[in-house]
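# Geometric and topological summary
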Amino acid sequence: MLQSLYGIANKGETRFMGIRIEQKKRGLKAIGALLSATITILWIVFFGWTLLHNAEPSQVQEMATGWSVSVNGQELAQQPTLEDYRFSDLQVGDTIVLKGKLPETLLPSQAMTMLCYLSTIEVKVDDVSVYHYGQELAQQNKLVGSGYHFITLPDDAAGKDVTIIMETREPDVFTSIGNPTIMSTNDVYREFAKQNTMAIFIDVFLIFLGAVVTVVSSVAICYSKVYERLLYIGIFSFLMGVWSMCNLKIFEIFKISLEANTTVEYMSLYLAAISVILMTADLRKKSAAWKQQVVYASAMLMGIFFVVASILHFTNIEHYPRLLGYFHLFGGVSFVLIALTGYERGHKMNSSEKAIYVGTWILCASVALDLLRFYLQKYIMPDVHLLNNSVLPVGTLIFIIMLIVSYIFYVYDLLVYEAEQEWLTERAYHDELCKTFNRTKCNERFDELDAGKQDYALINLDLNGLKETNDSLGHVQGDLLLQEFASVLKEAFSGIGEVYRMGGDEFLVILQEEQFPQIDSCLNKMVRLEKRRSSEFIFTIEAAYGVAKNSECPEGTAQKVYMLADSRMYDMKAKQKINKRLR
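A few points on the structure. These numbers were taken from a predicted model, which means no experiment stands behind them.

Positive phi, close to 50°, is recorded for L118, a residue that is not glycine. Positionally, L118 belongs in the loop between β5 (110–116) and β6 (119–125). The phi angle at N141 is positive, at roughly 60°, despite the residue not being glycine. Here N141 shows up in the loop between α2 (135–139) and β8 (147–152).

The biggest cluster of nonpolar side chains holds 45 residues, and the ones touching the most others in it are I233, F236, Y270, F327, I400 and L403. Setting aside chain neighbours within four positions, we find L403 in contact with I233, M279 and I356. Among the nonpolar cores identified, the runner-up in size contains 36 residues, and I96, L98, A157 and I182 belong to it.

The next thing to look at is the packing of aromatic side chains. What the rule picks out here adds up to 13 aromatic pairs. Between F437 and Y500, the aromatic rings sit 5.4 Å apart at their centres with planes inclined by 35°, giving tilted as the arrangement. Highlighted residues: F437 in strand β12 (residues 436–437) and Y500 in strand β14 (residues 498–503), separated in sequence by 63 residues. A relative accessible area of 28% places F437 in the partly exposed class. Here the aromatic cluster, defined as three or more aromatic residues joined through ring pairs, consists of Y266, Y270, F305, F314, Y320, F327 and F330. Positioned above the aromatic ring of Y429 is the side chain of K441, whose terminal nitrogen or guanidinium carbon lies 5.3 Å from the ring centre. The ring of F437 has K441 sitting right over it, with the charged end atom 5.7 Å from the ring centre.

Here helix α11 (residues 439–451) is 13 residues long and its end C-alpha atoms lie 18 Å apart, about the 18 Å a rise of 1.5 Å per residue gives. If you check which residues of α11 are buried, you get C442, R445, F446 and L449. Down the axis of α11, the sector holding all buried residues measures 110°, keeping them to one side. Of the residues in α11, the exposed ones pointing more than 90 degrees away from the buried face are D447 and A451.

A few words now on a nonpolar patch on the surface. Taken together, the side chains of M300, I304 and V308 make up a nonpolar region of the molecular surface, amounting to roughly 300 Å² of accessible area. The residue V308 is located in helix α7 (residues 289–314) in this model.

With that settled, consider the packing of helix α5 (residues 228–247) against helix α6 (residues 258–283). Relative to each other, α5 and α6 sit at 155°, their axes nearing to 8 Å. On the basis of their axis angle, the class for α5 and α6 is roughly antiparallel. Like other packed secondary-structure pairs, α5 and α6 cross with a definite hand, here left-handed. Counted by class, the contact of α5 with α6 contains 18 nonpolar, four polar and four charged residues.

Our focus in this paragraph is the sheet that holds strand β1 (residues 61–62). In space, the four strands of this open sheet follow the order β1-β10-β5-β8, with antiparallel pairing throughout. Either end of the sheet is taken by a strand with one partner, and the two such strands are β1 and β8. Strand direction decides the pairing type here: β1 and strand β10 (residues 181–184), joined by two bridges, are antiparallel. Paired with Q61 across the two strands is I182, which belongs to β10.

Put simply, helix α13 (residues 475–492) and helix α14 (residues 519–534) touch, their axes get as near as 9 Å, and they point 145° apart. Handedness of the crossing formed by α13 with α14: right-handed. On α14, the residues touching E484, F485, S487, V488, L489, E491 and A492 of α13 are C522, K525, M526, L529, E530 and R533. Along the lines of polarity and charge, the residues of the contact of α13 with α14 split into seven nonpolar, one polar and five charged.

Applying the stated rule across the entire model yields 16 salt bridges. Two residues, K101 and D161, come together in a salt bridge whose shortest N-O distance is 2.9 Å. Placement of the pair is K101 in strand β4 (residues 95–101) and D161 in strand β9 (residues 161–168), with a sequence separation of 60 residues. Here K467 and D471 are joined by a salt bridge, their closest N and O atoms 2.9 Å apart.

Definitions and limits used
Residues numbered from 1 in each chain as written. Predicted model: local features only at pLDDT ≥ 70, side-chain atom pairs only at ≥ 80, totals over all residues. Heavy atoms only, no water. Helix = DSSP H or I, 4+ residues; strand = E, 2+ residues; numbered from the N terminus. Core = buried A, V, L, I, M, F, W, Y, C linked by side-chain atoms within 4.5 Å. Buried < 20%, exposed > 50% of the residue type's maximum accessible area, 1.4 Å probe, protein only. Contact = heavy atoms within 4.5 Å. Phe/Tyr/Trp six-rings, centres within 6.5 Å; stacked < 30°, edge-to-face > 60°. Lys NZ or Arg CZ within 6 Å of the ring centre and 35° of its normal. Expected span 1.5 Å × (residues − 1). Arc of directions from axis to C-beta. Patch = residues over 30% accessible without salt bridge, like charges linked within 9 Å, V, L, I, M, F, W, Y side chains within 5 Å. Areas by Shrake-Rupley, 256 points an atom, 1.4 Å probe, with all protein chains shown as cover. Salt bridge = Lys/Arg side-chain N within 4 Å of Asp/Glu carboxyl O. Axes fitted to C-alpha atoms, helices over the stretch in contact; angles between N-to-C directions. Parallel < 35°, antiparallel > 145°, perpendicular 65-115°, else oblique. Left-handed = near helix turned anticlockwise from the far one by under 90°. Nonpolar A, V, L, I, M, F, W, Y, C, P; charged D, E, K, R; others polar. Pairing = 2+ DSSP bridges.

This is the structure we're talking about:
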């Protein structure tokens, strides 16, 4: 019988803890629902772009041959195609002139598309200017942006001479020029979107996911610091999505100016580095203090760089693109420092750390490959079109997914840990048998009463007949007697007093000043309940009690008030024994 009761108790504890864990999991489920909704919406967007990609192909003409090229008035040796020409050591103010002839088969309502980096551009058809960009910005020494130029050609331009004049506004801006293309003006943006379908999908996913996670975690962090890491993940995702959209010039679909696109491109890249370092700092909270300081110092280094670079950029002293080399240098130093401080020999990784580890290596590999791609394209193989496509957005997407997986593991472990701690706290302050507060909790409550100034009363109660019940009926019935008396107390003082089991057959009720008028009615109710419950069992439920108020012990502690109530309880117990003998 006793083993059965213990089994029931253990099952109750397990169920209690299970309820706690389920409550803690609700936040995790909310995060999962949020991510599911985000993925669903973005797959709808991707489906739309897929339809666009599968639409009827546009008629695109590439102007690759027939070009003559000069730099600062000096004509370069003839090359088979325009992208075969090489430009080295270009300086600010250098002028590149491209001369060619438009196709004889050119139809009306056509546009020429050309990618140009950090240079002004003017396009003439038979010496008549039909397009220009950047000249006013250059006169004010402002940033001239990079991007695609969509040049509407005259309807009668077929077979005419075309001259493209470019003036570089930053040193060493490019080493080659891509071949211009011609297509219908109605197809320009659609064709551009088709060529970047997958990149647009990834970037929209990163931006949308980052925005949603950032907003949600910004609110949630007010309630719990556990969402701090999620905030950095959201910011990083958003910034990398924006950077990739700018880097691929996708924002031009929305008619954003080239200078704004270029400015946002570099700002988002520089800020993304800071966000990922701060996220690393959050991961290192449990590491040694000096390791955390190194990570924060790295974040400060990149933050100072960003502030200085921004001041130089917006005052037109040095623009963001020219400072990219310093970013690579400071970012590399920060990465090495963080990597060195993160190594812990013999440390066994949990699921969350494993996901971060895999994601970080994928991101590092994609960054290394993208840097290699960037320098190969610019200085060694500018004519290899495959190098036009950055792998960093894909690496970032995988990294973000692994971070979210890691965060889910982290939150799950944390919620289980918190549930266990709450469960242990409940056990530390509660009497498992009677389901009341215990002496440990009472001692803390006494300290609070001593520190406060409010009046209070203590009712000390001693259950009669527990030893006799244990001896004659067994401990199972004795435990049941304790449980029933505790139930009587909780019902009698429900919403009025705090019930504690002090140990053995002794109980205590604490009441505040505003409950003083109800003390007698509660005690009378307790006596009535004792008699009613006694008729339902083979034992008698009866208790002696003593009441004391702190006002009766001037400058005394709660322990003194408790001793006074205890003395009065024994007085009542003595009277009960005398009454029993007289019956």
